[in-house]
Amino acid sequence: MTTQLTAETLSRAIGRLAPHLESVAAELNQADARIGDGDLGITMTKGARELRAVAGELPDDLGAALMTCARAFTKGGGSSYGTLLATGLMTAAKACRGKSTVDWTAVSGLLDAAVVAMADRGGASLGDKTVLDTIDATARALVDLDDPAAMTEAALAATEDTLDRFRDRPNRVGRARMFAEKSIGLHDPGMLAFREILCGLR
Amino acid sequence: MKKILNDPYRYVDEMLAGLTAAHPQYYVLVGDDRRVVARADGPVDGKVGLVSGGGSGHLPIFTGYIGPGLLDACAIGDVFASPSVDQVADAMRAADGGAGVLSVYGNYGGDVMNFDMAAEMLEFEDIDTATVLLRDDVASAAPEEAERRRGVAGMVYAFKIAGAAADTRADLAEVTRLAQKAADACRSVGAALTPCVVPQAGVPTFEIGDDEMEMGMGIHGEPGMWRGALRTADEIANEMVDRLLDDKPVEAGAPVSPLVNSLGATPPEELYILYRVVANRLEEAGAEIVMPLVGRYATSMEMTGVSLTFCHLDEELAPLLQAPAACAFWRV
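Residues numbered from 1 in each chain as written. Chains lettered and ligands numbered in written order. Predicted model: local features only at pLDDT ≥ 70, side-chain atom pairs only at ≥ 80, totals over all residues. Heavy atoms only, no water.

Some words on the domain arrangement of chain B
Residues and elements named next belong to chain B.
Now for step 1: For chain B, the assigned domains are domain 1 (8-184 + 323-331) and domain 2 (186-318).
Now for step 2: Each of domain 1 and domain 2 has a C-alpha centre, and the two are 22 Å apart.
Now for step 3: Contacts between the two partners involve 34 residues from domain 1 and, on the opposite side, 38 residues from domain 2.
Now for step 4: Taken together, the connections running from domain 1 to domain 2 amount to five salt bridges.
Now for step 5: Residue Lys181 is joined to Glu316 by a salt bridge in which the shortest nitrogen-to-oxygen separation is 2.6 Å. (Domains from an automatic or database assignment. Contact = heavy atoms within 4.5 Å. Salt bridge = Lys/Arg side-chain N within 4 Å of Asp/Glu carboxyl O.)

Structure representation (structure tokens):
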């Protein structure tokens, strides 16, 4: 059966994603506390709560639905990771505006566009050991894939691989930059949070 | 240092409650979390909506300058902290009278990010938006890096001129052009004698000796150009004028509006002592002084200090600066 990405797909994904993010909040806080301010799990929990609140009433227009999801990460404000995720989602929202369905094969391109917008807003580049590196690797891994279950697995594999490749490098941007030496040998918290998003989509 | 407050975490909310209660003819609180102030009689149908915002602690900037001939709405963060994306988007919606929304605010990283994201949201609602950033603080970056400069008291001129332009029912592109021209026409420099206390921090923003001053300090206590022994009023005024005219000279006969502004605690008496020198120097330089402003227009809580702004006018900007406008803090 051929399926496509719709607002309904998003709504069901939130149903799996939100409880998972809440369940790993303490782990993410701990990972973040080693090189950052230790609130990444809180950011993701807040986002998950907001997503739950809107999941039942997402508009049919996929662009508007993605924009609603983006707003879940800007409410309450303050966190730079939440702002970056919202930026990526807004970029996808603009690309999907006016469409009620999008082919799964388009997801790779949506992630590419998100990386560009997030790099622009956050001032990071690929290779700086941030969430951008995992999203970029995921975009590469999803090229031409059209089965959502297989896509999630491919994305996770690419993300695990990226986490391992970067573990022994220093963080080059954000708060973690000030602990660059300390960050060698540690996974980047933003990358870990992206892995948890993918785990939650399983 | 002492402050009059209740709960530091309610400081801004209680301030906004009092501001809107005192001046209901100008201000009304809107938005989910009551951090957006809008014009009491707005939005004005068919007029470009003018929005600003940023952290609290600078009254009359930003909220104070809402009114006829001025701003339509502001999003207000905690003291010296950006408002959220949602608050900014709510301010833009409150200002929208169907002719688009122009945001005019200072060049600070957090504010720029949040206003940009809010504008993306508004685009989704088919509301046109535009942005003009103030970068008038000459002490915050060298002329070669002028695009990195911060916005300070020059905002007052940009609000006023943009407000008058919007009142003519000019379209969004034209109001944006005039607001940008006003922003580009402003140069400012500040000097601080004492720090201020951010309520939630409870301690002074920086340390400075009783006998010291800092030239070029920003309105959140950002470091300036030099720190040294306190100088006389005339020495301070002359250095400020020199710095502004070095950055943007006056053409003979050109109209200039000077703003001698208190950063909070400095009394009007001392501003007028400074103004004598400012007026003399501008006249010597061949400027025609138009609508000089002396008072508390853009503050940094209880900081002692002053800023000087020159707005370089022409036959297009001068009438807009002098057009009628009113808010609780200023009437033209």
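Still more to cover.
Looking at the interface of chain A and chain B
Now for step 1: The interface of chain A with chain B comprises 15 residues on the first partner and 12 residues on the second.
Now for step 2: Summed over both sides, the interface of chain A with chain B buries roughly 1400 Å², with 60% coming from carbon and sulfur.
Now for step 3: Of all residues in chain A, Arg71(A), Arg97(A) and Arg121(A) bury the most surface against chain B, accounting for 42% of the area lost on that side.
Now for step 4: On inspection of chain A and its partner chain B, the count reaches four salt bridges. (Buried area = accessible area lost by both parts, 1.4 Å probe.)

Let's talk about the pairing of strand β1 (residues 27-30) of chain B
Residues and elements named next belong to chain B.
Now for step 1: On β1, burial follows the alternation: Tyr27 and Leu29 on one face are buried, whereas Val28 and Val30 on the facing-out side are not.
Now for step 2: Where β1 and strand β2 (residues 36-39) come together, four bridges link them in antiparallel fashion. Looking across to β2, one finds that Tyr27 is bridged to Arg39.
Now for step 3: Between β1 and β2, which pair antiparallel one after the other, the connecting turn spans five residues, and Gly31 there sits at a positive phi close to 90°. (Buried < 20%, exposed > 50% of the residue type's maximum accessible area, 1.4 Å probe, protein only. Helix = DSSP H or I, 4+ residues; strand = E, 2+ residues; numbered from the N terminus. Pairing = 2+ DSSP bridges.)

Quick look at the packing of helix α1 (residues 7-23) of chain A against helix α3 (residues 40-55) of chain A
All names here are of chain A.
Now for step 1: Where α1 contacts α3, the axes come no closer than 9 Å and their chain directions differ by 150°. Regarding the angle of α1 to α3, the classification is roughly antiparallel. When the axes of α1 and α3 are compared, the crossing they make is left-handed. Each of Ser11, Ile14, Leu17, Ala18, Pro19, Leu21 and Glu22 in α1 lies in contact with α3, whose residues at this interface are Met44, Thr45, Ala48, Arg49, Leu51, Arg52 and Ala55.
Now for step 2: Residue classes in the contact of α1 with α3 are distributed as nine nonpolar, two polar and three charged. (Axes fitted to C-alpha atoms, helices over the stretch in contact; angles between N-to-C directions. Parallel < 35°, antiparallel > 145°, perpendicular 65-115°, else oblique. Left-handed = near helix turned anticlockwise from the far one by under 90°. Nonpolar A, V, L, I, M, F, W, Y, C, P; charged D, E, K, R; others polar.)

Notes on the environment of Asp168(A)
All names here are of chain A.
Now for step 1: Along the polypeptide, Asp168 turns up in the loop between α8 (148-167) and α9 (180-183).
Now for step 2: In this structure the C-alpha to C-alpha distance between Asp168 and Ser125, which are 43 residues apart in sequence, comes to 18 Å.
Now for step 3: Not counting residues within four places of it along the chain, the set of residues in contact with Asp168 comprises Ile184 and Gly185.

Topic: the sheet that holds β2(B)
All names here are of chain B.
Now for step 1: Reading across from one edge, β1-β2-β4-β3-β5-β6 is the order of the six strands in this open sheet, with mixed pairing throughout. Every interior strand has two partners, whereas the edge strands, β1 and β6 (129-134), have only one. On average, each strand axis in the sheet is tilted by 25° relative to the strand beside it, whichever way the strands run.
Now for step 2: Strand contacts of helix α2 (residues 85-95): β1, β2, β3 (49-56), β4 (73-79) and β5 (101-106), with the helix running at about 160° to β4, the strand carrying the most contacts.

Some remarks on the nonpolar core
Now for step 1: Among the nonpolar cores identified, the biggest contains 82 residues, and Leu10(A), Met44(A), Leu58(A), Tyr81(A), Val51(B) and Met92(B) are the most heavily contacted of them.
Now for step 2: The residues touching Leu10(A), leaving out its near neighbours within four places in the chain, are Leu5(A), Leu58(A), Leu62(A), Ala65(A), Leu66(A) and Cys69(A).
Now for step 3: In this structure, Val79(B), Val152(B), Ala162(B) and Tyr297(B) belong to the second largest nonpolar core, which totals 70 residues. (Core = buried A, V, L, I, M, F, W, Y, C linked by side-chain atoms within 4.5 Å.)

Examining the packing of aromatic side chains
Residue and element names in this part refer to chain B.
Now for step 1: Within this structure, the stated rule accounts for five aromatic pairs over all chains.
Now for step 2: Measuring from centroid to centroid gives 6.0 Å for Tyr65 and Trp330, while their planes differ by 90°, and the two rings are edge-to-face. Of this pair, Tyr65 sits in the loop between β3 and β4 while Trp330 is found in strand β15 (residues 330-331), placing the two residues 265 residues apart along the sequence. Both residues of the pair, Tyr65 and Trp330, count as buried.
Now for step 3: With centroids separated by 3.9 Å and ring planes inclined at 20°, the aromatic side chains of Tyr105 and Phe115 adopt a geometry described as stacked. (Phe/Tyr/Trp six-rings, centres within 6.5 Å; stacked < 30°, edge-to-face > 60°.)

Quick word on the environment of Thr9(A)
All names here are of chain A.
Now for step 1: Checked against the element boundaries, Thr9 lands in helix α1.
Now for step 2: Along the primary structure Thr9 and Ala157 are separated by 148 residues, whereas in three dimensions their C-alpha atoms are 22 Å apart.
Now for step 3: Among all residues touching Thr9, those that are not within four sequence positions of it are Gln4 and Trp104.

Notes on the state of the cysteines
Now for step 1: For the structure on display, the rule yields zero disulfides over all chains.
Now for step 2: As a non-bridged cysteine, Cys96(A) has Cys69(A) as the owner of its nearest cysteine sulfur, 11 Å distant.
Now for step 3: Exposure remark for Cys96(A): the relative accessible area of 1% places this residue in the buried category.
Now for step 4: Unpaired in terms of disulfides, Cys186(B) finds its nearest cysteine sulfur in Cys311(B), a separation of 3.8 Å. (Disulfide = S-S within 2.5 Å.)

Describing unusual backbone geometry
Residues apart from glycine generally show negative phi values, whereas peptide bonds are mostly found in trans.
All names here are of chain B.
Now for step 1: A cis amide bond, omega -10°, links Gly42 with the succeeding residue Pro43.
Now for step 2: Relative to the helices and strands, Pro43 is located in the loop between β2 and β3.
Now for step 3: Here the amide bond leading from Leu59 into Pro60 is cis, since omega sits at 5°, within 30 degrees of zero.
Now for step 4: Note on placement: Pro60 falls in the loop between β3 and β4.
Now for step 5: If you check the backbone angles, Phe80 has positive phi at about 60° while not being a glycine.
Now for step 6: Within the fold, Phe80 resides in the loop between β4 and α2.
Now for step 7: Phe80 sits in the partly exposed class, given a relative accessible area of 22%.
Now for step 8: Phi at Met301 is positive, roughly 50°, even though this residue is not glycine.
Now for step 9: Checked against the element boundaries, Met301 lands in the loop between β12 (293-295) and β13 (304-312).

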